[in-house]
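Secondary and tertiary structure notes
Chain by chain, the residues run as shown.
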Amino acid sequence: MSVARLVSALQFCPGGCVFGPPARRDPAPSLQSRVFNMLLALLSYKQQLASIEAVQAHVQKLALQPASYEPTGLGRGVEATLTKMGGWPVYYTAPSSGFEDCNYVMFLHGGGFINEIAPAHWRFVGEMTRKARVSCVVPIYPLAPRATAKDVVPATGELLRMLLEDAGSAKVTVVGNSAGAGLALAACQWLRDRGHRQPARLVLISPAADASVSRPEQIEIAARDPIQDIPGIVEAGRLYAGEIDVGHPFVSPLNGAFRFLAPMTIFAGTRDLLYPDSVDLAERARAVGVPVELHLLRDQPHNYALMPTPEGRKARALIMRMVA
């Protein structure tokens, strides 16, 4: 049973903000969060990232039996419309009561660039649509190795450019989790480099910002991470990189430039082996004048902001206020 399926099976209800390592005032994780971490460790998701062979077998299985990307679990009061943009399926969601004067969210899902959008992602999209009364734009980008970063990043950037143009005076926020957060950052760097305007804000949930996963401290963190492991993340990054180097900013946007990017809000937890990249990302962006909020919570796992825990609900409440 995957993490996404576990989260989907539970009731999905909608920290201290620190810059750098957790401060003493950072609250201890809730009992519900500690129990959830133990449950995550019992699941098979980490095993799928334990080796190169495990990732390759998973990718081959999905090639034979592609997962559905259709909306599941949006909840009441939300309508979804499917269209095609640039050859990709793109869903638009809106409150059933009408979307006049709605702001927009482009949501880019996680999954290591090898997994399709999951029901837990759709629940989050439904929550944003319903509670923040926004219209969500959800590109179903093609997965690696069939598609690679050299094509996915510019295509995502172009979709975002068109959304910003069509939105007029409405606010556009880009929200991404994990791989989708890395893609969001790379797409905004692509926009900036071509002279296009930025969205109002980037909300990055446990961003995958450096596909090399090469920091020495990440080995120790990986032992505590209940979801991810280094060999699988590196292999997924290699598949997504294709013919370009994994250090290229399209694949590892931490290596890109940060000047003139949109303000950022980043959510990360110290049981996530990717969290040192979030700290570095925040520092580099702040150094060139980009406003940054880093919500780094002690003992929270990868994607804690989407989890059915008190910490997850608090993070999502912040997100609702930011995108509304």
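Residues numbered from 1 in each chain as written. Predicted model: local features only at pLDDT ≥ 70, side-chain atom pairs only at ≥ 80, totals over all residues. Heavy atoms only, no water.

Attention shifts here to the overall build of the protein. From N to C terminus, the protein includes 10 helices and eight strands. In terms of overall size, the protein behaves like a compact globule, its C-alpha atoms giving a radius of gyration of 18 Å where 324 residues would be expected to give roughly 20 Å. Projected onto its principal axes, the C-alpha coordinates of the protein cover approximately 50 × 45 × 45 Å. Burial status across the protein gives 57% buried among its 324 residues. For the protein, the centre of its 32 positive side-chain charges and the centre of its 28 negative side-chain charges are spaced 6 Å apart. (Helix = DSSP H or I, 4+ residues; strand = E, 2+ residues; numbered from the N terminus. Rg over C-alpha atoms; globule rule 2.2 N^0.38 Å. Buried < 20%, exposed > 50% of the residue type's maximum accessible area, 1.4 Å probe, protein only. Lys, Arg positive; Asp, Glu negative; His and termini not counted. Charge placed at Lys NZ, Arg CZ, Asp CG, Glu CD.)

Should the pLDDT be low somewhere, the predicted coordinates at that spot are not to be read in detail. Taken over all residues, the pLDDT of the protein has a mean of 92, while the share at 70 or more is 92%. Low pLDDT (under 50) marks residues 1-24, which in the prediction has 68 contacts with non-local residues, meaning those over four places away or in another chain. (pLDDT = per-residue confidence, 0-100. Contact = heavy atoms within 4.5 Å.)

Right, let's get into the packing of helix α4 (residues 119-131) against helix α10 (residues 310-323). Put simply, α4 and α10 touch, their axes get as near as 10 Å, and they point 50° apart. Classed by the angle they form, the pair α4 and α10 counts as oblique. As for the relative orientation of α4 and α10, their crossing is right-handed in sense. Across the interface between the two elements, Phe-124, Glu-127, Met-128 and Lys-131 of α4 pack against Arg-316, Ile-319 and Met-320 of α10. The residue inventory of the contact of α4 with α10, partitioned by class, reads four nonpolar, no polar and three charged. (Axes fitted to C-alpha atoms, helices over the stretch in contact; angles between N-to-C directions. Parallel < 35°, antiparallel > 145°, perpendicular 65-115°, else oblique. Left-handed = near helix turned anticlockwise from the far one by under 90°. Nonpolar A, V, L, I, M, F, W, Y, C, P; charged D, E, K, R; others polar.)

Their axes nearest at 10 Å, the elements helix α7 (residues 217-224) and helix α9 (residues 275-287) cross at an angle of 130°. The angle between α7 and α9 places the two elements in the oblique class. Along the contact surface, α7 presents Glu-217, Gln-218 and Ile-221, while α9 presents Tyr-275, Pro-276 and Asp-277. When the residues that make up the contact of α7 with α9 are grouped by side-chain class, the tally is three nonpolar, one polar and two charged.

Here we come to the sheet that holds strand β6 (residues 201-205). Hydrogen bonds between backbone groups are what pair the strands of a sheet, and the pairing can be parallel or antiparallel. Spatial ordering of the open sheet is given by β1-β2-β4-β3-β5-β6-β7-β8, a layout of eight strands whose pairing is mixed. Each end of this open sheet is capped by a strand with a single partner; those strands are β1 (78-85) and β8 (292-297). The sheet shows a mean angle of 20° between the axes of neighbouring strands, taken without regard to direction. Direction of pairing for strand β7 (residues 264-269) relative to β8: parallel, over a ladder of six bridges. Of the residues in β8, the one forming a bridge with Gly-269 is Leu-297. Docked against the sheet, α10 engages β3 (103-108), β4 (134-139), β5 (172-177), β6, β7 and β8, running at close to 170° with respect to β7. (Pairing = 2+ DSSP bridges.)

Inspection of the secondary structure puts Thr-93 in strand β2 (residues 88-95). For Thr-93, the side chain forms a polar contact with the side chain of Thr-129, separated by 2.7 Å. Those residues in contact with Thr-93 that lie beyond four places of it in its chain are Leu-74, Val-78, Glu-79, Ala-80, Val-125, Thr-129, Val-134, Ser-135 and Cys-136. (Polar contact = N/O pair within 3.5 Å; in protein donor to acceptor, adjacent residues only side chain to side chain.)

Moving on, we come to the environment of Ser-169. Within the secondary structure layout, Ser-169 lies in the loop between α5 (149-167) and β5. C-alpha separation for the pair Ser-169 and Asn-103, spaced 66 residues apart in sequence, amounts to 9.0 Å.

Let's shift gears to the packing of aromatic side chains. According to the stated counting rule, one finds six aromatic pairs in the structure shown. Between Tyr-69 and Tyr-91, the aromatic rings sit 6.3 Å apart at their centres with planes inclined by 65°, giving edge-to-face as the arrangement. Placement of Tyr-69 in the loop between α3 (52-64) and β1 and of Tyr-91 in strand β2 is noted, with a sequence separation of 22 residues between them. Taking the relative accessible area as the measure of exposure, Tyr-69 reaches 29% and is therefore partly exposed. Relative accessible area serves as the criterion here: at 6%, Tyr-91 is assigned to the buried category. Both rings, one in Phe-113 and one in Tyr-141, keep their centres 6.2 Å apart while their planes meet at 55°; by these two values the pair is tilted. With Phe-113 in the loop between β3 and α4 and Tyr-141 in the loop between β4 and α5, this residue pair connects regions lying 28 residues apart in the sequence. Classification of Tyr-141 by relative accessible area gives buried; the value is 1%. Aromatic ring contacts, followed pair by pair, group Tyr-69, Tyr-91 and Trp-122 into a single cluster. (Phe/Tyr/Trp six-rings, centres within 6.5 Å; stacked < 30°, edge-to-face > 60°.)

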